[in-house]
Amino acid sequence: MKKGKILILITFLLIGSIGMRKLDINLRYNMGMCDYYKYNTTLTEKEKDLLQEKHFLVGVYNDPPLAFINKFNNYNAGIMVDYLSQLAIELSSNIHLKVGSQDYLMKAMKNDEVDIMVMENTDENKKEFDISQSLCVVKGKIFVKNNSNIKDIEDIKDRTLVVLERDNEDGRINKYFKDKINVKIFEVDNIYQCFALIKTHTVDGFVGDDMEIAHFLNVTNRGTNFRVLEPTLYEKEMCLAVKKENGYLLDILNKGILQLKKKNLIAQTQYKWLGNFDTDVIDLSSIELAYKVLLAGISIIVIFSSWNYLITQRVNTKTRELSESKEELRLIIDTMKNGIMVIEGDSIIVECNDAITGITNIPREDLIGSNYKEFKALYPFVNIDNMNKLFNVGNSYYYVTSQKIASNKSMIIIEDYTKKYFNEKRARQESKMIAVGQLSAGLAHEIRNPLGLIKSYSYIIEKHSINELCDHAIVVINDSVARINKLVENLLRFSKLSNDETKSVNIENLLNLILELEEKNIEQNGIKIITSFTGKSSKQVFINEDVLRMLLLNLINNSIDSFKGVAREEKKIDIRMNIEEDYLRIEVMDNGCGIEKKKLENIFNPFYSTKENGTGLGLYIISTEISNNDGRISVESNLGEGTKFDIILPIKEIKE
């Protein structure tokens, strides 16, 4: 008999414990016990691989404060946006958001343009989609002014309430009052009109979504002027939905959502947006009976395990506080673009963000808890000589600062300065080249004056030449004058590049004209010229003629010069022009001497030349002009085989 009583007591305690646990889970997480234990597990390796392989796009319809686009910075904002950001961190996944109208996102969901969508948990939606556990519950509430004589819902009989037109879809608010009390419903377009009508005493209260109203009252500092009446008129359970064929995502989402609830991040987010004006009231009337039934069991549990319970609660509280503190720090530092390391003592890494992993290629789990002196890749960033100065590691440049955040902790911030560094370097180079160009212009004009005199008197002396030595001297003088004159022309071209004018140009006629000018040089070197025009039928395009003429002349001359000292059975230069809708592509190929690989990367630098008597300005000028006209130039070459230049220039318009 005694054993039977003990068995009954144990059974009772077990049932009571299960009931309490079930009730506790329902109150805390708004879910059943089976679902709780199903999703209170870590992600499987297959689920982790799936999250790493794919970036998920989540549709959130525009419904402040759940989600909206901030007009000041054009960023997505709202309670749901924060929930999803926290969910992305919890799952270590890349989740991107798309905010739009509900109809637009529903179509995008059906067309696989979004993978996941925030959606109300309704029977209609569950027929078409798999629905997750709830993120939050939006409740329909009645708000009245504090100084109003309305104490409960019975007091609004024969009064007028204002409601947003979209919240009274299909007259659902009218239906609520129809069979209870006589209430007049007044519809408006926006929430500002609602409170304006209340202020002028046109209406007695406002019916609508509790979160939207609470957020509005919070941001307008009106929360202390209003109160909420019971009961709740309606509830909208906001969840995440996936298509039926993508149901494998549902377990992943539910696991992540449960972890957010367990870490109290959802409650913290709601407080962030709604402040102290929180209308969420748990109605315990439906569970009072269960509490009474379990009261005896609770008393026994309290008597036999109160001490253990108190100790457990204290441990859980401290653990939760530590967990929340760690998650808050993690959330902050992981949103930073700069690398961050928190150092305890002299050299122990207690925290770091994802950016550090990207900079050092060292996994975060290897860094945290380790001595930074163990990692050679970290040495440049913790070296005191590199603090507060710019330094390079490989091909990247960094700027490191350090600051104390506690008596025994400091934070090292690593900024990737590479892009800024090269932009500044490019700006300095361009400034130098402008100065060189101005100097070149002045120098070229000063040289031309005496050069003209030398050429004139050389012509006079040539008429009075008396022997072969004098004839040779005249030839040397003329060749030197021609060489100096060519240098002067390049200097002038360098100092005064082309203008930005575009006009209609027949590219075939322009190329033929240039080839006619070079005809003598081409014939003397025994070179065969091949030209072709493909793409659009018309060869009349709008383009910068100066740039086009300059690059064709320079590249053709370079190709001609490449055959000097080269023995070929057939010397040829192939010029191809392809006209498309918005660009002109030019390819100039020769089978001349080619260029060494180590010299190839420098040929577009000013005053660098592969020719014995070259000025080093030609290719620099045309590459600069092509870049200024939003084009590009590239080169391929093999020594002894030939060179190919590939140019793309934008076309403003094509005339048929």
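Residues numbered from 1 in each chain as written. Predicted model: local features only at pLDDT ≥ 70, side-chain atom pairs only at ≥ 80, totals over all residues. Heavy atoms only, no water.

Chemist: For this particular structure, what's the right way to read the overall build of the protein chain?
Modeler: A tally of regular secondary structure across the protein chain gives 22 helices and 25 strands. Taken over 656 residues, the protein chain has a buried fraction of 41%. Taking as baseline every contact in the protein chain between residues at least 6 positions apart, the subset at least 24 positions apart corresponds to 68%. When the accessible area of the protein chain is evaluated, it comes to approximately 38400 Å², of which 52% is carbon and sulfur surface. (Helix = DSSP H or I, 4+ residues; strand = E, 2+ residues; numbered from the N terminus. Buried < 20%, exposed > 50% of the residue type's maximum accessible area, 1.4 Å probe, protein only. Contact = heavy atoms within 4.5 Å. Areas by Shrake-Rupley, 256 points an atom, 1.4 Å probe, with all protein chains shown as cover.)

Chemist: It is not clear to me how the pairing of strand β15 (residues 390–393) should be interpreted in this structure. Could you clarify?
Modeler: As a general feature of sheets, a regular strand has side chains that alternate between the two faces. In terms of strand pairing, β15 meets strand β16 (residues 396–406) through 4 bridges, oriented antiparallel. Across the sheet, V393 pairs through a bridge with S396, a residue of β16. With antiparallel pairing between neighbouring strands as the criterion, β15 and β16 make up a hairpin whose turn holds 2 residues, including G394 at a positive phi of roughly 65 degrees. (Pairing = 2+ DSSP bridges.)

Chemist: What am I meant to see in the packing of helix α3 (residues 45–53) against helix α10 (residues 248–262) here?
Modeler: For any two helices packed against each other, one specifies the crossing angle of their axes together with the interaxial distance. At a closest axis distance of 11 Å, the pairing of α3 and α10 adopts a crossing angle of 95 degrees. When the axes of α3 and α10 are compared, the pair comes out roughly perpendicular. In this structure, α3 contributes E47, L50 and L51 to the contact, and α10 contributes Y248, L249, D251, I252 and K255. Across the contact of α3 with α10, the residue classes break down as 5 nonpolar, no polar and 3 charged. (Axes fitted to C-alpha atoms, helices over the stretch in contact; angles between N-to-C directions. Parallel < 35°, antiparallel > 145°, perpendicular 65-115°, else oblique. Nonpolar A, V, L, I, M, F, W, Y, C, P; charged D, E, K, R; others polar.)

Chemist: Explanation requested: the nonpolar core in the structure shown.
Modeler: Ranked by internal contacts, the top residues of the largest apolar core, which has 51 residues, are M80, L87, I116, M238 and L240. Apart from residues lying up to four places away in sequence, M238 is in contact with Y61, L66, M80, V118, M119, E120, S134, L135, C136 and V138. By size, the runner-up hydrophobic cluster in this structure holds 40 residues, among which are V505, I507, L584 and I622. (Core = buried A, V, L, I, M, F, W, Y, C linked by side-chain atoms within 4.5 Å.)

Chemist: When you look at helix α9 (residues 210–219) in this model, what are you seeing that I'm missing?
Modeler: Counted residue by residue, α9 has 8 buried out of 10 residues, so it is predominantly covered. Inspection of α9 places D210, M211, E212, I213, A214, H215, F216 and L217 among the buried residues, and these make up the whole buried set. Just downstream of α9, N221 is the residue with a positive phi angle, here 55 degrees.

Chemist: Looking at this model, I keep getting lost on helix α4 (residues 79–91). Mind explaining?
Modeler: Side chains that are three or four residues apart share a direction in an α-helix, a result of its 3.6 residues per turn. Its 13 residues place the ends of α4 18 Å apart at the C-alpha level, agreeing with the 18 Å of an ideal helix rising 1.5 Å per residue. Within α4, 10 of the 13 residues are buried, which leaves it mostly tucked inside the rest of the structure. All buried positions along α4 are accounted for by I79, M80, V81, D82, Y83, L84, Q86, L87, A88 and L91. Backbone geometry just downstream of α4 places S92 in the positive-phi region, at approximately 55 degrees. (Expected span 1.5 Å × (residues − 1).)

Chemist: What am I meant to see in the sheet that holds β16 here?
Modeler: Spatial ordering of the open sheet is given by β14-β13-β17-β16-β15, a layout of 5 strands whose pairing is antiparallel. Single-partner strands in this sheet number two, and they are β14 (348–352) and β15. Strand after strand, the sheet turns through a mean of 35 degrees between neighbouring axes, direction not considered. Here 4 bridges tie strand β13 (residues 339–344) to β14, and the two strands are oriented antiparallel to one another. From the neighbouring strand, E344 faces β14, where its bridge partner is I348.

Chemist: What am I meant to see in the side chain of D130 here?
Modeler: Tracing the backbone shows D130 in strand β6 (residues 129–131). The class for D130 is buried, based on a relative accessible area of 18%. In this structure the side chain of D130 is engaged in a polar contact, spanning 3.3 Å, whose partner is the side chain of K244. (Polar contact = N/O pair within 3.5 Å; in protein donor to acceptor, adjacent residues only side chain to side chain.)

Chemist: What's the story with a nonpolar patch on the surface in this structure? I'm lost.
Modeler: On the surface, L453, Y457, Y459, I460 and I461 cluster together to form a nonpolar patch covering roughly 550 Å² of accessible area. One can find Y459 in helix α16 (residues 418–463). (Patch = residues over 30% accessible without salt bridge, like charges linked within 9 Å, V, L, I, M, F, W, Y side chains within 5 Å. Salt bridge = Lys/Arg side-chain N within 4 Å of Asp/Glu carboxyl O.)

Chemist: Sorry if this is basic, but what is going on with the pattern of salt bridges here?
Modeler: Side chains that differ in sign of charge can pair as their charged atoms come close. Overall, the coordinates contain 26 salt bridges when judged by the stated rule. Note that K141 is salt-bridged to E230, the shortest N-O span being 3.2 Å. Remark: E230 occurs in the loop between β11 (226–229) and β12 (235–243) and K141 occurs in strand β7 (residues 136–145); sequence separation between them is 89 residues. Using a relative accessible area of 40% as the deciding quantity, one classes E230 as partly exposed. Among the salt bridges present, the one from K528 reaches E570, with a minimum N-O distance of 3.9 Å. Here K528 is found in strand β19 (residues 527–535), whereas its partner E570 is found in the loop between α20 (545–561) and β21 (571–579), with 42 residues between them in sequence. Each of D63, R166, D167 and E212 takes part in a single network of salt bridges with overlapping partners.

Chemist: Would you mind showing me how to read the sheet that holds strand β22 (residues 583–590) here?
Modeler: Within a beta sheet, neighbouring strands are joined by backbone hydrogen bonds and run either parallel or antiparallel to one another. A sheet is described by the order of its strands in space; here 5 strands give the open sequence β19-β21-β22-β24-β23, paired in mixed fashion. For this open sheet the edge positions go to β19 and β23 (632–638), each flanked by a neighbour on one side alone. Neighbour-to-neighbour, the strand axes of this sheet turn through a mean angle of 10 degrees, independent of strand direction. Across 7 bridges, β21 lies against β22 in antiparallel orientation. Within the sheet, the bridge partner assigned to M577 lies in β22 and is I586. Strands in contact with helix α18 (residues 507–517) are β19, β21 and β22; relative to β19, the strand with the most contacts, it is inclined by about 170 degrees.

Chemist: What should I look at first to understand the packing of α4 against helix α11 (residues 265–274) in this one?
Modeler: It is the contact of α4 with α11, at a shortest axis distance of 10 Å, that shows an interaxial angle of 150 degrees. Considering the angle they form, α4 stands roughly antiparallel to α11. Considering only the axes of α4 and α11, their crossing is right-handed. Contact residues: α4 offers I79, D82, Y83 and Q86, while α11 offers L265, I266, T269, Q270, K272, W273 and L274. For the contact of α4 with α11, the class distribution of residues is 6 nonpolar, 3 polar and 2 charged. (Left-handed = near helix turned anticlockwise from the far one by under 90°.)

Chemist: I'm lost on the side chain of T643 in this one. Help?
Modeler: Mapping T643 onto the fold places it in strand β24 (residues 642–650). What makes T643 buried here is its relative accessible area of 7%. A distance of 2.9 Å separates a polar atom in the side chain of T643 from a polar atom in the side chain of S637.

Chemist: I'm lost on the confidence of the model for the protein chain in this one. Help?
Modeler: Predicted coordinates in areas of low pLDDT are best not read in detail. A residue-level look at the protein chain finds 85% of positions with pLDDT of 70 or above and a mean pLDDT of 80. The weakest mean pLDDT in the protein chain belongs to strand β25 (residues 653–654) at 52; the strongest belongs to β6 at 92. Segment residues 281–291 is flagged for pLDDT under 50; beyond a separation of four residues in sequence, or across chains, it makes 8 contacts in the model. (pLDDT = per-residue confidence, 0-100.)

Chemist: I would appreciate a short explanation of unusual backbone geometry in the present structure.
Modeler: When glycine is set aside, most residues are seen to have a negative phi, and most peptide bonds are trans. Of the consecutive residues P64 and P65, the connecting peptide bond is found in the cis state with omega at 0 degrees. Secondary-structure assignment places P65 in the loop between β1 (56–61) and β2 (68–69). For the peptide bond that leads from E230 to P231, omega is 0 degrees, which places it in the cis range. Along the polypeptide, P231 turns up in the loop between β11 and β12. One non-glycine residue, D112, lies in positive phi territory at about 65 degrees. Inspection of the secondary structure puts D112 in the loop between α5 (102–110) and β5 (116–120). On the basis of relative accessible area, D112 is assigned to the exposed category, the value being 52%. One non-glycine residue, N264, adopts positive backbone phi at about 65 degrees. Secondary-structure assignment places N264 in the loop between α10 and α11. Exposure remark for N264: the relative accessible area of 32% places this residue in the partly exposed category.

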